[in-house]
Amino acid sequence: MDTILVVNAGSSSVKFQVFAVEGEGRLQRQIKGQMDGIGSRPRLRASGPNGDPMADRAYPIEAVADVPAAMAVAGAWLREENSINPIAVGHRVVHGGPDYSRPVLIDHGVVSRLERFVSLAPLHQPHNLAPIKTLLNTRPNLPQVACFDTGFHRDHDALADYYAIPHQLHTEGVRRYGFHGLSYEYIARRLPEVAPDIAAGRVIVAHLGSGASMSAIKDGKSVESTMGFTALDGLAMGTRPGQIDPGVVLYLISEKGMSATNVQNFLYRECGLKGLSGVSNDMRELETSEDPRAAFAIDYFVYRVGLNAGMLAAALQGLDAFVFTAGIGENSATLRARIAQKLAWLGVAIDPAENARHATRISRSESRIPVYVVPTDEERMIAQHTLALLMNQQSPSQHRARVS
Ligand code: AMP
């Protein structure tokens, strides 16, 4: 069986999925797993296609001290206990910089170019690149593909791509990149099946998870995003503030004496729903909390989604549909209903019964703007890109012959 391994490596966890390649390039998910607690309390957990548990093991800290070690342990488990010998590996890479708008087959030259973007995403890029470098050394003939969170937004008009700062900084890469691109691309590809009438129209997709952003999509292509240079901008998130006056950062430095590293940790880890509520970064906990600050954090989140929807509708010069996705967007009927109220002026009217049962279309038939819930699947998008790049080269079985 030909399989594709998808890897999403962070600072303390490596998530992976295995897809079987079936007839006509169909992809069937076989295994979903993750090694977390890297360098602290390593634990490998994995489940099969129906969520049936396949592994749940703790490891001593010295056995899984870093991301390459985690890859080695997870790789051995896949190979030796599950006979998985993938024909290619697709990686989530947060930053493709100004150059990469499409997934790319990885070689040493590509890694060098991607290392240049470490400074643009210091918390993510080095961890994304670590397993790539390990595999390049240990399995040089195994094709690897980098899929970028920024890629889907790279065709934005210059007006959406610039900050009002001197051109030289733009040339150096200080631009409005936008993120969650793999999620948006997956949704854009699903829309012709889910909602053929509006798939070519003007759509706002709200990716509301622990990281949250919204994208304005026209005819299946991204034209604007709430995120910019980094994944800090736009909506308030679990631990990130979203849009914030840069003067606040100056205040933290000049009045609070914070260093760049302190400010970075503060903005990525201590703000957003967590900072506002003082209760949790997790929407489920906020929804069940009786602390008034939790309620305020939810109000703030809903308010900012509404504000940003107005901005994106202006970028699209109108609106034909609104789509919810990711953890909060897919699962919280309450949040969806509250956000829909903020969009009533645009012509949104939710059907409470359809919303409560998480139907695909949750708006009333008379709603001027139809509203959908479309579960996202970034890993499948990565697997699709990886397979497509491989197929462009040669057939998977030819490839296996060359690799083994
Ligand atoms: P993600 O990053 O896409 O996995 O989304 C994680 C976020 O989704 C967290 O804030 C969770 O609390 C939230 N979430 C997941 N399920 C629910 C739910 N049933 N109701 C409210 N929020 C949820």
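None of these values were measured; they are calculated from a predicted model.

Asks: Hey, could you run me through the packing of aromatic side chains in this one?
Replies: Each aromatic ring pair is summarised here by two numbers: the centre-to-centre distance and the angle between the ring planes. With the rule as written, the count across this model stands at 4 aromatic pairs. Note on Phe322 and Phe324: the rings are 5.0 Å apart at their centroids and 65 degrees apart in plane angle, and the pair reads as edge-to-face. Residue Phe322 shares its accessibility class with Phe324, and that shared class is buried.

Asks: In this structure, what is going on with helix H2 (residues 108–115)? I would like to understand it.
Replies: Think of an α-helix as turning once every 3.6 residues; residues three or four places apart then point the same way. Buried within H2 are the following residues: Val110, Val111 and Leu114. One side of H2 carries all its buried residues, which in axial view fall inside an arc of 100 degrees. Buried positions along H2 lie against strand E6 (88–93), strand E7 (104–105), helix H3 (125–138) and strand E8 (144–148). At the N-terminal boundary of H2, the capping side chain belongs to Asp107, with an oxygen 3.0 Å from the backbone nitrogen of Gly109.

Asks: Would you take a moment to explain the sheet that holds E6 for this structure?
Replies: Taking strand neighbours across the sheet as the criterion, the 8 strands line up as E5-E4-E3-E2-E1-E6-E8-E7 in an open arrangement whose pairing is mixed. Each edge of the open sheet is held by one strand with a lone partner, namely strand E5 (53–58) and E7. Two strands pair when backbone bridges link them, and E7 and E8 are joined in this way by 2 bridges, in the antiparallel orientation. Residue Val104 lies in a different strand from E8, and its bridge partner there is Ala146. Most of the contacts of helix H15 (residues 378–393) go to E6, to which it runs at about 130 degrees, and overall it touches strand E1 (3–9), strand E2 (13–21), strand E3 (27–36), E6, E7 and E8.

Asks: Could you clarify how one ought to interpret the environment of Arg102 in this entry?
Replies: Mapped onto the fold, Arg102 is located in the loop between E6 and E7. Placed 52 residues apart in sequence, Arg102 and Arg154 show a C-alpha to C-alpha distance of 8.8 Å. Those residues in contact with Arg102, other than ones at most four positions away along the chain, are Phe148 and Asp155.

Asks: How should the packing of helix H1 (residues 67–82) against H3 be read in this particular structure?
Replies: Each pair of packed helices gets described by two things: the angle between the helix axes and the distance between those axes. Put simply, H1 and H3 touch, their axes get as near as 9 Å, and they point 55 degrees apart. What the angle tells us is that H1 and H3 run oblique. When you trace H1 past H3, the crossing you get is right-handed. For the pair H1 and H3, the contacting residues are Val67, Pro68 and Met71 in the first and His127, Ala130, Pro131, Thr134 and Leu135 in the second. Taken together, the residues of the contact of H1 with H3 sort by class into 6 nonpolar, 2 polar and no charged.

Asks: When you look at the confidence of the model for the chain in this model, what are you seeing that I'm missing?
Replies: Caution is warranted with low-pLDDT regions, since their predicted coordinates should not be read in detail. Considering every residue of the chain, the mean pLDDT works out to 94; 97% of them sit at 70 or more. Per-residue pLDDT stays below 50 along residues 395–404; that stretch engages in 19 contacts with residues further than four places along the chain or on separate chains.

Asks: Whenever I open this one, the nonpolar core confuses me. Can you help?
Replies: A general trend in soluble globular proteins is that nonpolar side chains are found buried together. The biggest cluster of nonpolar side chains holds 57 residues, and the ones touching the most others in it are Leu114, Ile204, Leu208, Met214, Met283, Phe301 and Phe322. Considering every element that reaches this core, the biggest residue donor is helix H11 (residues 292–316), with 10 residues. Grouped together as the second largest cluster of nonpolar side chains are 32 residues, Leu27, Phe152, Leu182 and Ile187 included.

Asks: What should I look at first to understand the layout of surface pockets in this one?
Replies: A water-sized probe rolled over the atoms picks out the places where empty space is left. Roughly 710 Å³ of internal volume is contained in the second largest pocket. In terms of lining residues, the second largest pocket is bounded by 24 residues, among which Phe229, Thr230, Leu232, Val249 and Leu267 are the most central. Secondary structure elements with two or more residues in the lining of the second largest pocket: helix H7 (246–254) and helix H8 (260–270). Considered class by class, the residues forming the lining of the second largest pocket number 16 nonpolar, 6 polar and 2 charged.

Asks: Quick question: what am I supposed to make of the pairing of E1 here?
Replies: The two faces of a sheet get side chains in turn, since along a regular strand they alternate between them. Across the 7 residues that make up E1, a large majority, 7, are buried. The alternating pattern of E1 places Thr3, Leu5, Val7 and Ala9 and Ile4, Val6 and Asn8 on opposite faces, both of which are buried. In the sheet, E1 pairs with E2 via 7 bridges, with the strands oriented antiparallel. For Leu5, the partnering residue across the bridge sits in E2 and is Val18. Here E1 folds back onto E2, and the loop between the two strands holds 3 residues. In this sheet, E6 lies alongside E1 in parallel orientation, the contact comprising 4 bridges.

Asks: Whenever I open this one, the site of the ligand confuses me. Can you help?
Replies: Around the ligand, a shell composed of Gly209, Ser210, Asp282, Met283, Arg284, Glu287, Ala326, Gly327, Ile328, Asn331 and Ser332 is seen. One of the side-chain nitrogen or oxygen atoms of Ser210 is found 2.7 Å away from an oxygen atom of the ligand. Separating an oxygen atom of the ligand from a side-chain N or O atom of Asp282 is a distance of 2.5 Å. With the chains in place, 73% of the 510 Å² that the ligand exposes on its own is no longer accessible.

The rules behind these values
- Starting from 1, residues in each chain are numbered consecutively following that chain's sequence as written.
- Given that this is a predicted model, residues contribute local features only at a pLDDT of at least 70 and side-chain atom pairs are listed and counted only at 80 or more, while totals for whole chains, interfaces and linings are drawn from all residues.
- Just so you know, side-chain values use all the structure's heavy atoms and leave hydrogens and water out.
- Pairing of aromatic rings covers Phe, Tyr and Trp, the last through its six-membered ring, and needs centres within 6.5 Å; plane angles under 30 degrees mean stacked, over 60 mean edge-to-face, and all others mean tilted.
- Exposed residues in this analysis have more than 50% of their type's maximum accessible area, buried residues have under 20%, and partly exposed residues fall in between, with area computed by a 1.4 Å probe over protein chains only.
- Secondary structure elements follow DSSP: runs of H or I no shorter than four residues count as helices, runs of E no shorter than two count as strands, and numbering proceeds from the N terminus.
- Each C-beta atom gives one direction from the helix axis, and the arc is the one those directions make.
- Note on contacts: a residue pair qualifies if any of its non-hydrogen atoms lie within 4.5 Å across the two residues.
- N or O atoms within 3.5 Å of each other form a polar contact, as long as, within protein, one can give a hydrogen and the other can take it, and as long as residues adjacent in sequence are counted only when both atoms are side-chain atoms.
- For two strands to pair, DSSP has to find at least two bridges joining them.
- Whenever a helix is involved, its axis is fitted only over the stretch in contact; in every case the axis is a line through C-alpha atoms, and angles between N-to-C directions fall within 0 to 180 degrees.
- For this classification, under 35 degrees means roughly parallel, over 145 means roughly antiparallel, 65 to 115 means roughly perpendicular, and everything else is oblique.
- The sense of a crossing depends on the near helix, which, turned anticlockwise from the far helix by less than a right angle, makes the crossing left-handed and, turned clockwise, makes it right-handed.
- The classification used treats Ala, Val, Leu, Ile, Met, Phe, Trp, Tyr, Cys and Pro as nonpolar, Asp, Glu, Lys and Arg as charged, and all other residues, Gly among them, as polar.
- pLDDT is a per-residue confidence score from the predictor, ranging from 0 to 100.
- Buried Ala, Val, Leu, Ile, Met, Phe, Trp, Tyr and Cys residues that are joined via side-chain atoms within 4.5 Å together make up what is termed a nonpolar core.
- Cavities and pockets are found on a 1 Å grid laid over the protein atoms alone: a cavity is a set of points where a 1.4 Å probe fits but cannot escape, a pocket is an open set with protein on both sides within 12 Å along at least five of seven lines, and a lining residue has an atom within 4 Å of such a point.
- Grid points are joined across faces, edges and corners, and a volume is the space filled by probe spheres set on the points.
- Residues are counted as near a molecule or strand when any one of their heavy atoms sits within 4 Å of it.
- Only the protein chains shown count as cover for residues, and the accessible areas themselves come from Shrake-Rupley with a 1.4 Å probe.

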